[in-house]
Amino acid sequence: MATTTATLTVPKTGRRTGAATMPRTRRRVEGVYYFFLLPALILFTLAITIPAIIGIFFSFTDSIGFGDWEFVGLINYVAVFTDPAILQSYLFTFGFAAVTVMVVNAVAFLLAVGLVSRVRLKTGLRAIFVIPMVISGIIIAYVFNFLFSNSVPALGQAWGIPWLSESILANPDLAWVAIVIVTAWQAIPGTLLIYIAGLLSIPGDVYEAADIDGAGKTQQLLRITLPLVAGYVVINVILGFKNFLNAYDIIVGLTNGGPGTATRSIAMTIFTGFSGGDYAYQMANATIFFVIALILSLLQLRLTRGRNVF
């Protein structure tokens, strides 16, 4: 009986050829996608890109926003780095953003841990905690302005507490604390939802195994929960810090940058300059601020690359 031996062709590359190896083809993009993309791209270009380019152009001039202008080169940029008022606004904004990020993430994480545990009415509590997220920042600021300026001092006088009898908004050393409190009150719900999503993605088998091994709740929190939601922590910290750098409406409603200029943020400084005849000067400031935001965005992309957190 004759036997037939099958031969396998092996190319020079040393890899076997067969049905498993197929040429990779690029997927063809349907024209309808471009149809939907084009209007948004046009609107974004007209509303964002072109005004930004025009603003950067005028940052190299002495324009006041209208009328004649001349090129002045890098004079505006040099002045920005030597202006004490602008440097103070950067110092306040970055300090405020750093403190608020820590407060928001700490409180939101602890609330998330509580709201995913076996507590009664947790669905209703989740709904209550996210209410501040849907309220306008300027409305929240005016409400808290009344509380800090009237209600809290009245309580301090009634209880005989001297340091509570005066409005914290009138104290240049403590006004920033009120801004942190109000900003955190509004920002915690969004951060809370992200942490809840992260906690719910952790398999329950991990905690069951930890219980069998005798790990306590604190050990589970520090050695299981925190490491497994590290990606969510990174995203919340970077997004929060970037958002708090743009603080404007809450500061306007609470202190309007005061007392004096103690709580004036970068955004407030830029907008105030536009209305005060410093258009080109503040456009240089805005350009520097844009570069900082761009660097933070690139940092966010680098830190979150490869993390399947959503």
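All values derive from a computational prediction rather than experimental measurement. (Residues numbered from 1 in each chain as written. Predicted model: local features only at pLDDT ≥ 70, side-chain atom pairs only at ≥ 80, totals over all residues. Heavy atoms only, no water.)

Per the secondary structure count, the protein includes 12 helices and 0 strands. For the protein, the N- to C-terminal ordering of α and β elements is α-α-α-α-α-α-α-α-α-α-α-α. Relative to its 310 residues, the protein shows a buried fraction of 33%. For the protein, restricting intrachain contacts to residue pairs at least 6 apart in sequence, the fraction spanning at least 24 positions comes to 69%. Summing over all exposed atoms, the protein offers an accessible surface of approximately 20100 Å²; the carbon and sulfur share of this is 67%. (Helix = DSSP H or I, 4+ residues; strand = E, 2+ residues; numbered from the N terminus. Buried < 20%, exposed > 50% of the residue type's maximum accessible area, 1.4 Å probe, protein only. Contact = heavy atoms within 4.5 Å. Areas by Shrake-Rupley, 256 points an atom, 1.4 Å probe, with all protein chains shown as cover.)

Before going further, it helps to examine the confidence of the model for the protein. The predicted coordinates should not be examined in detail at positions where pLDDT is low. On average, residues of the protein carry a pLDDT of 84, and 89% of them reach 70 or more. Of all the helices and strands in the protein, helix H4 (residues 122-129) carries the lowest mean pLDDT, 75, while helix H3 (residues 84-115) carries the highest, 93. Within the model, pLDDT remains below 50 along residues 1-19, and this stretch shows 7 contacts once partners closer than five positions in the same chain are excluded. (pLDDT = per-residue confidence, 0-100.)

This next bit is on the environment of Tyr-77. Along the chain, Tyr-77 turns up in helix H2 (residues 75-82). Ignoring any residue separated from it by four or fewer positions in sequence, one finds Tyr-77 in contact with Ile-56, Ser-59, Phe-60, Ala-284, Thr-287 and Ile-288. Engagement of the side chain of Tyr-77 in a polar contact is seen with the side chain of Ser-59, the distance being 2.6 Å. (Polar contact = N/O pair within 3.5 Å; in protein donor to acceptor, adjacent residues only side chain to side chain.)

Where helix H5 (residues 137-159) meets helix H6 (residues 175-200), the axes come as close as 11 Å, and the angle between the chain directions of the two elements is 135 degrees. Considering the angle they form, H5 stands oblique to H6. In this structure, H5 meets H6 at a crossing whose hand is right-handed. Contacts between H5 and H6 involve Gly-137, Ile-140, Phe-144 and Phe-148 from the former and Ala-178, Val-182, Trp-185 and Gln-186 from the latter. Within the contact of H5 with H6, the residues separate by chemical class into 6 nonpolar, 2 polar and no charged. (Axes fitted to C-alpha atoms, helices over the stretch in contact; angles between N-to-C directions. Parallel < 35°, antiparallel > 145°, perpendicular 65-115°, else oblique. Left-handed = near helix turned anticlockwise from the far one by under 90°. Nonpolar A, V, L, I, M, F, W, Y, C, P; charged D, E, K, R; others polar.)

For Val-182, the position within the fold is in helix H6. Residues Val-182 and Phe-144, spaced 38 residues apart in sequence, show a C-alpha to C-alpha distance of 7.3 Å. Residues in contact with Val-182, not counting those within four places in the same chain, are Ile-140, Phe-144, Phe-148, Ile-250 and Leu-254.

The next thing to look at is unusual backbone geometry. In this chain, Gly-258 is followed by Pro-259 through a cis amide linkage whose omega measures -5 degrees. Within the element layout of this structure, Pro-259 appears in the loop between helix H10 (249-254) and helix H11 (266-275). Phi is positive for Asn-256, which is not a glycine, with a value near 55 degrees. Position of Asn-256 relative to the elements: it lies in the loop between H10 and H11. On the basis of relative accessible area, Asn-256 is assigned to the exposed category, the value being 51%.

Glancing now at the packing of aromatic side chains. On inspection of all chains with the given rule, the structure shows 18 aromatic pairs. Judged by centre distance (5.6 Å) and plane angle (80 degrees), the ring pair of Phe-58 and Trp-69 falls under edge-to-face. Of the two residues, Phe-58 is situated in helix H1 (residues 31-58) and Trp-69 in the loop between H1 and H2; the sequence distance between them amounts to 11 residues. Residue Phe-58 is classed as buried on the basis of its relative accessible area, which comes to 17%. Ring centres of Phe-60 and Tyr-77 lie 5.2 Å apart, and the angle between their planes is 40 degrees; on these two criteria the pair is classed as tilted. Taken together, the residues Phe-60 in the loop between H1 and H2 and Tyr-77 in helix H2 connect sequence positions 17 residues apart. Look at Phe-60 and you get partly exposed, because its relative accessible area is 27%. Residue class for Tyr-77 comes out buried when judged on its relative accessible area of 12%. (Phe/Tyr/Trp six-rings, centres within 6.5 Å; stacked < 30°, edge-to-face > 60°.)

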